[in-house]
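Structural features, examined
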Amino acid sequence: AQKITQTQPGMFVQEKEAVTLDCTYDTSDQSYGLFWYKQPSSGEMIFLIYQGSYDEQNATEGRYSLNFQKARKSANLVISASQLGDSAMYFCAMRERNSGNTPLVFGKGTRLSVIA
Amino acid sequence: EPEVTQTPSHQVTQMGQEVILRCVPISNHLYFYWYRQILGQKVEFLVSFYNNEISEKSEIFDDQFSVERPDGSNFTLKIRSTKLEDSAMYFCASSVAGGGNIQYFGAGTRLSVL
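Quick caveat: nothing in here was measured; it's all calculated off a predicted structure.

1. Describing the nonpolar core
L21, Y25, W36, I49, L77, Y90 and L112 of chain A are the most contacted members of the largest nonpolar core, which totals 25 residues. Secondary structure elements with two or more residues in this core: β2 (10-14), β3 (19-21), β5 (32-39), β6 (46-52), β8 (64-69), β9 (74-79), β10 (88-96) and β12 (110-115) of chain A. It is β10 of chain A that contributes the most residues to this core, 4 residues altogether. Membership of the second largest hydrophobic core comes to 21 residues, among which are F32, F61, F65 and F75 of chain B.

2. Remarks on the packing of aromatic side chains
Taken as a whole, this structure holds 19 aromatic pairs over all chains when the rule is applied. For the ring pair Y37 of chain A and F105 of chain B, a centre distance of 5.1 Å and an interplane angle of 75° mean the geometry is edge-to-face. Of this pair, Y37 of chain A sits in strand β5 while F105 of chain B sits in strand β10 (residues 104-105), on two different chains. Here Y37 of chain A matches F105 of chain B in class, with each residue buried. Taking 5.9 Å as the distance between ring centres and 85° as the angle between the ring planes, the aromatic pair formed by F106 of chain A and Y35 of chain B counts as edge-to-face. Linking F106 of chain A in strand β11 (residues 105-106) with Y35 of chain B in strand β4 (residues 31-37), this pair reaches from one chain into another. Take F106 of chain A and Y35 of chain B: they sit in the same class, and that class is buried. Residue placement shows R63 of chain A over the ring face of Y64 of chain A; its charged tip is 5.8 Å from the ring centre.

Here is what the cut-offs are and how they apply
- In every chain, residue numbers begin from 1 and rise along the written sequence.
- Throughout, the order in which chains and ligands are written sets their labels, letters from A for the former and numbers from 1 for the latter.
- Totals for whole chains, interfaces and linings use every residue, but because this is a predicted model, local features are given only for residues with pLDDT of at least 70 and side-chain atom pairs only at 80 or more, for both listing and counting.
- By convention in this description, side-chain values take in all heavy atoms of the structure and omit both hydrogens and water.
- Here, nonpolar core refers to any group of buried Ala, Val, Leu, Ile, Met, Phe, Trp, Tyr and Cys residues whose side-chain atoms link them within 4.5 Å.
- Exposure classes here rest on a 1.4 Å probe applied to the protein chains alone. A residue is buried below 20% of its type maximum, exposed above 50%, and partly exposed in between.
- In this description a helix means any DSSP run of H or I spanning at least four residues, a strand means any run of E spanning at least two, and both kinds are numbered starting from the N terminus.
- Geometry of aromatic contacts follows a simple scheme: Phe, Tyr and Trp rings, the Trp one being its six-membered ring, pair when their centres are within 6.5 Å, and the pair is stacked under 30 degrees between planes, edge-to-face over 60, tilted otherwise.
- In our convention, an over-ring charge means Lys NZ or Arg CZ found within 6 Å of a ring centre and within 35 degrees of that ring's normal.

Function-wise, these values are silent; they only describe arrangement.
Structure follows, in structure tokens:
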């Protein structure tokens, strides 16, 4: 079974609009972490935002926010006021046993295209 | 801002040759990782390293692979005898202990096995 599911292979959004990228996860652990990374066409992986399973508030980092719905096991990324530079692949990832150096498990990604 | 540095950015090799991919993690980080991404696919974990030994490894990380921290700054991934299917982007990452253990990635090394 997939640990991380990203159901949107591709998304389009108009510049300056908000967009939500979906992510659902599957774990039986109580302690876990959820992450979003951005991969532009140049290939590097850029950390965007983190949410711990015990965090009560949704994480926010500038224009990025994580809509964490624990009961639904979803961790959607919301990008507000989209910019052309936001065009990239976006990966959702999870770390079970949220401590030490437990590895990340990634989803297949969503390609976001921002249109002028 | 501190960053993870990987060299080379692109490595071309012949099948059966040995390659060493190099990484300089962020200086105060204690945990180190290698991941790989075959073109168009998701990122997959290879190995994690802490306190000079392997903490965890995936099924991909077989006897052809090894990791080493030869000095206080470098972290290397060696593939002993490359195969065509080893062609991928290889990412090094590092993290501190605590604080969500955010893993920061390098820009990657694209390995092409011919």
